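# Chains, contacts and geometry: an overview
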Amino acid sequence: MAKTAIGDENEQSSHQLSAKNKDAPQLDVAVEFATTFGDAAAVAEDPPVAAPWEALTVAIIDDAMHPPRLDRIPEGEQQPLAELLFKNEEVLAELAQLGCPSAATADERLLAIAESEIILVSSALVGPISKDALRMIEEHRSFRRLVQTLREEVNDVMICDPYIALPDLSGHNLILLDYYLNGPTQSGDLAVTTATNIRNQPSRVPNQQIVLMSSLESVRDLRGQFRSDTELTGSAFAFIGKRDLNEPWKVKAHLGMLERARPYAPAFTDYREQLDKALSQARTDLLAMVDDLDIGDYAFLQGRALMKDGHPLGDYVFWLLSSQLMTLTFEREEMRNRQRALDSLEFVGAPFAATEPSTVVANLLHSALVSSNLGPLGPHPRAKPGSPYFDFPLVQLGDVFLDVDRTKAMVVMSADCDLAFAPLEDRPPDAETPVMLVPGAPVKLKDAKEGQDANTDGLLHREEVYRIVWEFSKYRSVPLGELSKWLEGKGFDISNRDRLRPLFALKLQQEFGAHLMRVGPPVIPPMTTKATGRVLICSSEQEEVAQFASSELRLTRFKKKTWLRITPNVAGLLKQHCEDLYVRLEEMRAAAKGKEASGLAKKIESLEKSLNDDEFWIKLLDGVELNGTGSIKTVGPLGFVVGKDWADTKVRVMLEINEDASGGRTGDQGEVSGDVELNGEVDTGAVSTAV
């Protein structure tokens, strides 16, 4: 790949230069630091490695392209920083080693530090004087590393200045966009405007993806609002933390995932656009139908179909209209065509994203499973206070009652026809009508154990996904006239309730009745929950070296198997501690003799092979299928175990996983050394990993 030149802002304002530019001008030595990425050694002579993403064209929009300068930091910090750069002996010695001319300006000296790929004392000395200057140094360094890696992997890289008008990016496959284009103290408004302008560019390729980046992990929580503000479809958008792009293998892993996902984008974009149109038309059509219903129609529905059965009119009309809305929206030919396009998609093999499933999945499943917020258990809506019918509660198949603490559940299993009554003499309620109830135990999915008992997965409470394990053997028959009092006496909340939708209620009823044939509901998708963990280096002894909070580890369960979802940040930290283990083993080998030294040499050779194998670390992002609690799962030089009750004498890096994710870190001693604090957050994406 050829060298890319970026001139000083006052000399060259466009900053929109292709990484393939082979005619970049050569600048004199005094300003070379401020105008070039890399040096002659950075020019790749070998042909690029064949990869699925090698034909991609990438654009990067990031204010970190600009070198650190005194006028970009607070005024009160400029003079102390300049004195450090011109007078501190350690800084002067390092600048001389870097080839920085003695006549260089303060800005040129800052850039010399920022463009160094070694860890410098100068950086550590800058931090106490100006956090902003240190942030700019580290962000510029990370930006250069990312650009260099992309040059070696993709067909073309365009660097765009966020402060001037955008060029035509409609033909670029990937757009990497920094969230804080004005620094972390400002808002993300400029990024929103930039992404919106890109989306509105004419002739934009249908599978273009905009990738939001940030060195602050808190931006991950803002991605939904960003996507909404920019009106980007989910299939054309992704978020990647910069700390997940700070090593070549991580960049390649994400390029692989983005490239695998890109061909799917048009189908989902078309589906989203057609759904918007279908919902709009369905709303118009449904309201027209409702307007055409007169009072006689409602009276007909109740008089002919509901009055004697006692079914409430509102519940029945809501059911009819919701079914009609589904028909008007999803059963149009245009939507059926989009459905067929989605039906043909097949997500197999390596992961398509390095993050856990969004909470939207859990919400969708919960809504498909239950009808929520039905209100309190009470009398028939048409029963008059003081009438003989007012004390009888109206319940239906699938009504689920929970206690306040979500520790127990009760579901109604009687058929609707057995529970139906009307506050009329034609079909009055019978106080002795038996209501079949089945108790259950709600369990957080991360705590659930596999067994033969019937269960209902997917109930969402706050941010926790629950499974209710039903105990058919402990069913109860409670007279209808005593139902409310009985439920309250057992501690159940009758002020509100949910109801299993017919498909799942009938399935549970079929299981309860032990029928040989039962309704087969859709396969419940994988459930993902949080976990904490700690990393230990096991050599001559075990030493804890890092911790993971519940925001960093995820366990996914599906069909009695459990996987650990591994993000690039988790894999990167494990790789870092494998490098630490390598150093320890080298020290042990130097002090050992005979067979012991030979044995250590084999272990070092095996470990070195894994450390140098990018594919090993990329493959790790597929996830690790875990063994049972206390049983170690080994993957190369790594070990994974659930629970604290385990023993191991092997030389490896261990990740101990604790499924009790209610706690957090006990401290920050597990953080990567050298992190930069910004507004109380840790800038892990900017930390240099070069040695």
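Use the structure listed above.
Structural notes, computed from the coordinates. Quick caveat, the model's predicted, so the values are computed rather than measured.

## Comments concerning the pattern of salt bridges
Between side chains of opposite charge, a pair can form when the charged atoms approach closely. Using the criterion set out here, one finds 30 salt bridges in the structure. Among the salt bridges present, the one from Arg340 reaches Glu333, with a minimum N-O distance of 3.4 Å. Of the charged contacts, one joins Glu656 and Arg534 as a salt bridge, the two residues approaching to 2.9 Å between their closest N and O atoms. Here Glu656 is found in strand E21 (residues 652–658), whereas its partner Arg534 is found in strand E15 (residues 527–538), with 122 residues between them in sequence. The class for Glu656 is buried, based on a relative accessible area of 4%. By sharing partners, the salt bridges in this structure join Glu217, Arg220, Arg243 and Asp244 into a single network.

## Comments concerning a negative patch on the surface
Taken together, the side chains of Asp291, Asp292, Asp294 and Asp297 define an acidic patch exposed on the protein surface. Tracing the chain through its elements places Asp291 in helix H10 (residues 265–292). Exposure remark for Asp291: the relative accessible area of 63% places this residue in the exposed category.

## Examining the environment of Ala441
Mapping Ala441 onto the fold places it in strand E10 (residues 434–444). Considering only alpha carbons, one finds Ala441 and Val469, 28 residues apart in sequence, at a separation of 5.2 Å. Among all residues touching Ala441, those that are not within four sequence positions of it are Thr407, Arg467, Ile468 and Val469.

## With respect to the side chain of His380
If you trace the backbone, His380 turns up in the loop between strand E7 (370–371) and strand E8 (399–402). Using a relative accessible area of 2% as the deciding quantity, one classes His380 as buried. Beyond its immediate sequence surroundings of up to four residues, His380 is in contact with Gly310, His311, Phe392, Leu394, Phe421 and Pro423.

## As for the nonpolar core
Of all hydrophobic cores here, the largest spans 40 residues; its most connected members are Leu564, Ile566, Leu574, Trp617, Leu638 and Phe640. Those elements that place two or more of their residues in this core are helix H9 (248–261), E15, strand E16 (542–558), helix H18 (568–591), helix H19 (594–611), helix H20 (614–620), strand E20 (638–642) and E21. The element best represented in this core is H18, accounting for 8 residues. Of all hydrophobic cores here, the second largest spans 24 residues; its members include Val58, Leu150, Ile159 and Leu258.

## Some remarks on the packing of aromatic side chains
Taken as a whole, this structure holds 8 aromatic pairs when the rule is applied. Taking 6.3 Å as the distance between ring centres and 45 degrees as the angle between the ring planes, the aromatic pair formed by Trp249 and Trp617 counts as tilted. Of this pair, Trp249 sits in helix H9 while Trp617 sits in helix H20, placing them 368 residues apart in sequence. The buried category is assigned to Trp249, whose relative accessible area is 1%.

## Regarding the packing of helix H2 (residues 75–87) against helix H5 (residues 121–129)
Close contact between H2 and H5 brings their axes to 10 Å; oriented N to C, the two are set at 160 degrees. Here H5 runs roughly antiparallel to H2, going by the angle between their axes. Handedness of the crossing formed by H2 with H5: right-handed. Residue-level inspection shows Glu77, Pro80, Leu81 and Leu84 of H2 in contact with H5, the latter providing Leu125, Val126 and Ile129.

## Overview of the sheet that holds E15
Spatial ordering of the open sheet is given by E18-E17-E16-E15-E21-E20-E19, a layout of 7 strands whose pairing is mixed. Edge positions in the sheet fall to strand E18 (624–625) and strand E19 (633–635), since each has one partner strand and no second.

## A few points about the packing of H2 against helix H3 (residues 89–97)
The contact between H2 and H3 brings their axes to 6 Å, and the two run at 60 degrees. As judged from the angle between their axes, H2 and H3 are oblique. The segment H2 lies against H3, with Leu84, Leu85, Phe86 and Lys87 engaging Glu89, Val91, Leu92 and Leu95. Per-class residue counts for the contact of H2 with H3 are 6 nonpolar, no polar and 2 charged.

## Thoughts on the pairing of strand E12 (residues 464–470)
Among the 7 residues that make up E12, 6 are buried, leaving the element largely enclosed by the rest of the structure. Looking at chain direction, E10 and E12 are connected through 5 bridges and run antiparallel. Bridge pairing in E12 places Ala441 opposite Val469.

## Considerations on the pairing of strand E9 (residues 409–412)
Within a regular beta strand, the side chains point alternately toward one face of the sheet and then the other, so they alternate between its two faces. Burial along E9 is two-sided: Ala409 and Val411 and Met410 and Val412, pointing in opposite directions, are all buried. Bridging between E8 and E9 involves 3 bridges; their strand directions are antiparallel. Each bridged residue has a counterpart across the sheet, and for Phe401 the counterpart in E9 is Met410. Counted between consecutive antiparallel strands, the loop separating E8 from E9 contains 6 residues, among which Arg406 sits at a positive phi close to 60 degrees. Note: E9 against E10, 4 bridges, orientation antiparallel. Among the inter-strand pairings, Val411 is bridged to a residue of E10, identified as Val438.

## So, the side chain of Gln208
Tracing the backbone shows Gln208 in the loop between helix H7 (189–199) and strand E5 (209–214). Owing to a relative accessible area of 0%, Gln208 belongs among the buried residues under this scheme. Separated by 2.8 Å, the side chain of Gln208 and the backbone oxygen of Leu169 make a polar contact. A distance of 3.0 Å separates the side chain of Gln208 from the backbone oxygen of His172, its partner in a polar contact. The residues contacting Gln208, other than those within four sequence positions of it, are Leu169, Ser170, His172, Asn173, Ile175, Ile198 and Ala236.

## A short note on unusual backbone geometry
Backbone geometry places Glu231, a non-glycine residue, at a positive phi of 60 degrees. The topology assignment puts Glu231 in the loop between helix H8 (223–230) and strand E6 (237–241).

## Section: H2
In this model, H2 (13 residues) spans 19 Å end to end at C-alpha, consistent with the 18 Å of a helix rising 1.5 Å per residue. Looking only at H2, the buried set comprises Leu81, Ala82, Leu84 and Leu85. Looking straight down H2, one finds its buried side chains confined to an arc of 160 degrees; they lie on one side. In H2, those exposed residues whose orientation departs by more than 90 degrees from the buried face are Gly76 and Lys87. Structurally, H2 contributes buried residues whose contacts are with H3, helix H4 (106–114), H5 and helix H6 (131–153).

Procedures and definitions
Residues numbered from 1 in each chain as written. Predicted model: local features only at pLDDT ≥ 70, side-chain atom pairs only at ≥ 80, totals over all residues. Heavy atoms only, no water. Salt bridge = Lys/Arg side-chain N within 4 Å of Asp/Glu carboxyl O. Helix = DSSP H or I, 4+ residues; strand = E, 2+ residues; numbered from the N terminus. Buried < 20%, exposed > 50% of the residue type's maximum accessible area, 1.4 Å probe, protein only. Patch = residues over 30% accessible without salt bridge, like charges linked within 9 Å, V, L, I, M, F, W, Y side chains within 5 Å. Areas by Shrake-Rupley, 256 points an atom, 1.4 Å probe, with all protein chains shown as cover. Lys, Arg positive; Asp, Glu negative; His and termini not counted. Charge placed at Lys NZ, Arg CZ, Asp CG, Glu CD. Contact = heavy atoms within 4.5 Å. Core = buried A, V, L, I, M, F, W, Y, C linked by side-chain atoms within 4.5 Å. Phe/Tyr/Trp six-rings, centres within 6.5 Å; stacked < 30°, edge-to-face > 60°. Axes fitted to C-alpha atoms, helices over the stretch in contact; angles between N-to-C directions. Parallel < 35°, antiparallel > 145°, perpendicular 65-115°, else oblique. Left-handed = near helix turned anticlockwise from the far one by under 90°. Pairing = 2+ DSSP bridges. Nonpolar A, V, L, I, M, F, W, Y, C, P; charged D, E, K, R; others polar. Polar contact = N/O pair within 3.5 Å; in protein donor to acceptor, adjacent residues only side chain to side chain. Expected span 1.5 Å × (residues − 1). Arc of directions from axis to C-beta.

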